[in-house]
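Here is what each chain is made of, one letter per residue.
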Amino acid sequence: MSHSISSLWLSPPKDLVSRVTRCIDSALDENEKREGIVFFRADDVAVPGKGFSRLMELFIRHRTPLSLGVVPAWLSGPRWKVLKGFERRDSGLWCWHQHGWRHQNHEITGKKQEFGPVRTESQIKRDLIRGRRRLEAQMESDFCPVFTPPWNRCGLSTLILLRELGYHAVSRSTGSQPSTPIELPDFQVNVDLHTRKEQRPLAGWDGLFEDLKRALMSGFCGIMIHHQRMNQAAFTFLDVLLEIFSRRIDLSLVHFGDLVRLQARQS
Ligand SMILES: [Zn+2]
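Re the pairing of strand β3 (residues 94–99)
In terms of residue burial, β3 counts as a mostly covered element, since six of its six residues are buried. Pairing geometry for strand β2 (residues 66–70) and β3, over five bridges, is parallel. Paired with V70 across the bridge in β3 is Q98. Note that the unit made of β2, helix α3 (residues 77–89) and β3 has a crossover that is right-handed. As judged from the three bridges shared by β3 and strand β4 (residues 143–148), these two strands associate in the parallel manner. Within β4, the residue paired with Q98 across the bridge is F147. With helix α4 (residues 121–139) bridging β3 and its parallel neighbour β4, the resulting β-α-β unit is right-handed.

Right, dumping it as structure tokens:
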């Protein structure tokens, strides 16, 4: 896997605090309820390291929940033991869930997918079940049955299987197709911090703030994180973002476990 750093992180603006604050204020001005739900989802988790620890320390410092997509084939007993250290320290903050089987693309043409149309139903079912068993074997009750497909994409048969296998939800990116069967909620991410496509830093920052504003205007803001692609500027920005978010009473910071409970109460 390549871990390149998106252009915006090579040239961060100086006025981060005021830009973030202005962005939130103007978004909520245009939001009928003037409040929003915010979640953070970190993908490609399993291997402990400096970047991962730094990420976790930030969320602990700001008492902000984080949903962690763990790649089952990468998780070993010793690795979980390290991750579990964060679980013990702050057990209410984390939602450990399933991210693919081994993060491998199987499609020959088109966009990358591990659970896409080229796979048979039985292959998909096998990968989902062995992934879940592996995570449950290590994590036991710390595991939350929500599935994030690698590259935010999967086919309809995966969505149907997820529902049949009793997953509480899927998490893809905003506007993902095919849409989910009605009984399977999709906790969509609509802000991507570290895999942005803009070539120029300025365009990257404009794009990021536009996405953030649109998400907060909708009242539901899902922010995607890749700790392997974070440099100092990316950590500084996340620190600022968490500091501002966690102080606002008009924003509810949640993880997938909270969203599952919220959904159950509403239905
Ligand atoms: Zn991933």
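Following the structure, the description resumes.
Some remarks on the packing of helix α2 (residues 50–61) against helix α7 (residues 232–247)
The relative placement of two packed helices comes down to the angle between their axes together with the axis-to-axis distance. One way to put it is that α2 packs onto α7 with a least axis distance of 10 Å and a crossing angle of 15°. Considering their axes alone, α2 and α7 lie roughly parallel with respect to each other. Both α2 and α7 take part in a crossing whose hand is right-handed. Between α2, through G51, R54, L55, L58, F59 and R61, and α7, the contact on the second element is made entirely by Q232, F235, L238, D239 and L242. Class assignment of the residues belonging to the contact of α2 with α7 gives a composition of six nonpolar, two polar and three charged.

Observations regarding the coordination of the zinc ion
Angles between donor atoms at a metal ideally measure 109.5 degrees for a four-coordinate tetrahedral arrangement and either 90 or 180 degrees for a six-coordinate octahedral one. Distances from the zinc ion to its protein donors, namely D44 (OD), H99 (NE2) and H103 (NE2), fall within the range 2.0 to 2.2 Å. Here the donor residues of the zinc ion are spaced in sequence according to D-x54-H-x3-H. Classification of H99 by relative accessible area gives buried; the value is 1%. Classification of H103 as buried rests on a relative accessible area of 10%.

Reading guide: rules and limits
Residues numbered from 1 in each chain as written. Predicted model: local features only at pLDDT ≥ 70, side-chain atom pairs only at ≥ 80, totals over all residues. Heavy atoms only, no water. Buried < 20%, exposed > 50% of the residue type's maximum accessible area, 1.4 Å probe, protein only. Helix = DSSP H or I, 4+ residues; strand = E, 2+ residues; numbered from the N terminus. Pairing = 2+ DSSP bridges. Right-handed = clockwise from strand over helix to strand, strands pointing away. Axes fitted to C-alpha atoms, helices over the stretch in contact; angles between N-to-C directions. Parallel < 35°, antiparallel > 145°, perpendicular 65-115°, else oblique. Left-handed = near helix turned anticlockwise from the far one by under 90°. Contact = heavy atoms within 4.5 Å. Nonpolar A, V, L, I, M, F, W, Y, C, P; charged D, E, K, R; others polar. Donors = N, O, S within 2.8 Å, 3.2 Å for Na, K, Ca; no water.

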